[in-house]
Amino acid sequence: MFKIDKKILAYFDFIQPFLIVPIVVFSYVLISEANDVLSSKQVVYFGVGFAVFTLFFLFPIRKFLYLIPIFYWTNIILLLSVDFFGVSKLGARRWLEIPFVHFTLQPSEVMKPAFILMLMYLIHKNPPPKNGYGLKDFLRLSFYILLPFVLIAKEPDLGTAAILFLTGFAILFIIGVDKKIWLTLIIVFVASSPILYENMHDYQKKRIADFISEEPNYQVKQAIIAIGNGGIYGKDKDEATQTHFKFLPIATSDFIFAYTIERFGFVGAAALIALYALLILHLLSLNYDFKSDYLIRVFTSALASLIFIYTGVNISMVVGFAPVVGVPLPFFSYGGSSFITFMILFGILQNLLTFRMKDNYKTYKIRM
């Protein structure tokens with residue numbers, strides 16, 4: 001079994017679970033009220049999530065940094081293979097079927113930790129100068145961001161691709177890039193917007209059209225009714241009619257924020273948003289605590305950006321301020337893929353923090 005020196009707990013960041021656990025518990029309360037079967041499955045996801053968190057927390061990452069490029073390029077190969085061997089569902093080819101066991105793997109989900117680790121590895125090997133990265137280094141790092149973006153967008157999965165794109169460049173913005181480069185990029189993006197729109201798939205254009213139309217689509221309309229039904233303090237379980245009479249679609253996953261307000265009102269929504277805000281601010285504050293450790297800085301910046309993007313897009317979508325896309329609330333929406341991915345990411349971050357001295361890996365060992 002594992003024996004861990006108690007001294008190592010002095011390096012563990014307890015603020016993260018202090019903020020995450022209430023989100024998870026809050027989520028389980030809502031899911032169990034809405035659907036007993038889904039709540040049972042969610043418990044399984046919790047167990048798997050905790051297991052992978054423990055695995056990545058104990059793995060000596062700093063000693064095996066040289067494996068990160070192999071992990072990244074392996075995932076690039078998997079993304080490329082989707083185009084040739086992928087399984088199509090609902091008009092999108094995003095999955096690979098694992099032979100003999102008939103399980104499917106979504107390489108774009110595995111790409112998230114691989115992508116962040118690769119940027120962490122590259123920036124660690126070549127930290128930015130005082131004035132930030134110049135054009136040459138910026139283009140080199142941008143290549144590792146744009147390659148998975150193009151491959152995932154082609155599936156098509158523009159939502160995941162856009163999240164990786166925004167996260168990657170958010171990392172570079174936080175770590176440091178010459179300001180002239182950002183100004184040039186903004187001008188180029190605005191000028192090329194019509195071309196980008198014309199090359200979108202029809203269903204993506206429809207989402208944008210639904211968003212800018214005067215009349216919101218059915219899902220958003222029902223979400224807004226649920227939000228209005230909740231009021232300031234929310235409704236009792238039996239009075240949350242939008243959810244329990246199935247008027248609100250996918251109330252436990254993509255539109256769980258609307259369900260949250262219907263049950264617990266503006267107060268409950270504010271408490272949930274406050275937990276996310278505190279978590280993001282705490283992660284960003286680690287940039288100042290570990291200014292010279294770019295492994296920690298890049299990974300905390302990536303996680304803070306991911307959580308901000310996921311929560312911002314999901315909540316905006318639910319209230320009609322953004323197009324409807326399949327973006328869950330981290331640790332809150334029902335489902336295994338997103339929850340397990342974030343548990344892996346936080347396991348890696350806690351490893352980088354707790355074992356920030358390589359010798360700290362010697363403080364635990366396996367005893368038979």
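The rules behind each value
- Residues numbered from 1 in each chain as written.
- Predicted model: local features only at pLDDT ≥ 70, side-chain atom pairs only at ≥ 80, totals over all residues.
- Heavy atoms only, no water.
- Helix = DSSP H or I, 4+ residues; strand = E, 2+ residues; numbered from the N terminus.
- Rg over C-alpha atoms; globule rule 2.2 N^0.38 Å.
- Buried < 20%, exposed > 50% of the residue type's maximum accessible area, 1.4 Å probe, protein only.
- Contact = heavy atoms within 4.5 Å.
- Areas by Shrake-Rupley, 256 points an atom, 1.4 Å probe, with all protein chains shown as cover.
- Lys, Arg positive; Asp, Glu negative; His and termini not counted.
- Charge placed at Lys NZ, Arg CZ, Asp CG, Glu CD.
- Core = buried A, V, L, I, M, F, W, Y, C linked by side-chain atoms within 4.5 Å.
- Phe/Tyr/Trp six-rings, centres within 6.5 Å; stacked < 30°, edge-to-face > 60°.
- Lys NZ or Arg CZ within 6 Å of the ring centre and 35° of its normal.
- Salt bridge = Lys/Arg side-chain N within 4 Å of Asp/Glu carboxyl O.

In terms of helices and strands, the chain carries 13 helices and five strands. At 21 Å, the chain has a C-alpha radius of gyration in line with the 21 Å of a compact globule built from 368 residues. Seen through its principal axes, the chain has C-alpha atoms that stretch 55 × 55 × 50 Å. Across the 368 residues that make up the chain, the buried fraction comes to 49%. Considering only intrachain contacts with a sequence separation of at least 6, the fraction spanning at least 24 residues in the chain is 75%. For the chain, the exposed area adds up to about 19000 Å²; of that, 69% sits on carbon and sulfur atoms. Computed over 32 positive and 24 negative side-chain charges, the separation of the two mean positions in the chain equals 12 Å.

Next up on the list: the nonpolar core. Core analysis: the largest hydrophobic core is formed by 105 residues, its most contacted members being Phe299 and Phe346. Take this core: its biggest share by element is 15 residues, from helix H12 (residues 294-318). Discounting chain neighbours no more than four positions away, the residues touching Phe346 are Gln16, Ile20, Phe53, Leu279, Leu283, Leu303, Ile307 and Phe331.

On to the packing of aromatic side chains, then. A complete count under the given rule lists 25 aromatic pairs for this structure. Judged by centre distance (5.2 Å) and plane angle (90°), the ring pair of Tyr72 and Trp73 falls under edge-to-face. The exposure class assigned to Trp73 is partly exposed, which follows from its relative accessible area of 33%. The structure contains a cluster of three or more aromatic residues connected by ring pairs, namely Tyr28, Phe46, Tyr310, Phe331, Phe339, Phe342 and Phe346. Lying across the ring of Phe264, Arg263 places its NZ or CZ 4.7 Å from the centre.

So, about the pattern of salt bridges. The final tally for this structure, using the stated rule, is five salt bridges. With a closest N to O distance of 2.7 Å, Arg263 and Glu33 form a salt bridge. Placement of Arg263 in helix H11 (residues 256-289) and of Glu33 in helix H1 (residues 15-34) is noted, with a sequence separation of 230 residues between them. The pair formed by Arg263 and Glu33 is uniform in burial state, with each residue classed as buried. With a closest N to O distance of 3.5 Å, Lys154 and Asp83 form a salt bridge. Residue Lys154 is found in the loop between helix H5 (135-153) and helix H6 (158-175), and its partner Asp83 is found in helix H3 (residues 68-85); the two are separated by 71 residues along the sequence.

Tracing the backbone through its elements, the reader meets Ser81 in helix H3. Judged by its relative accessible area of 15%, Ser81 is buried. Those residues in contact with Ser81 that lie beyond four places of it in its chain are Gly86 and Leu96.

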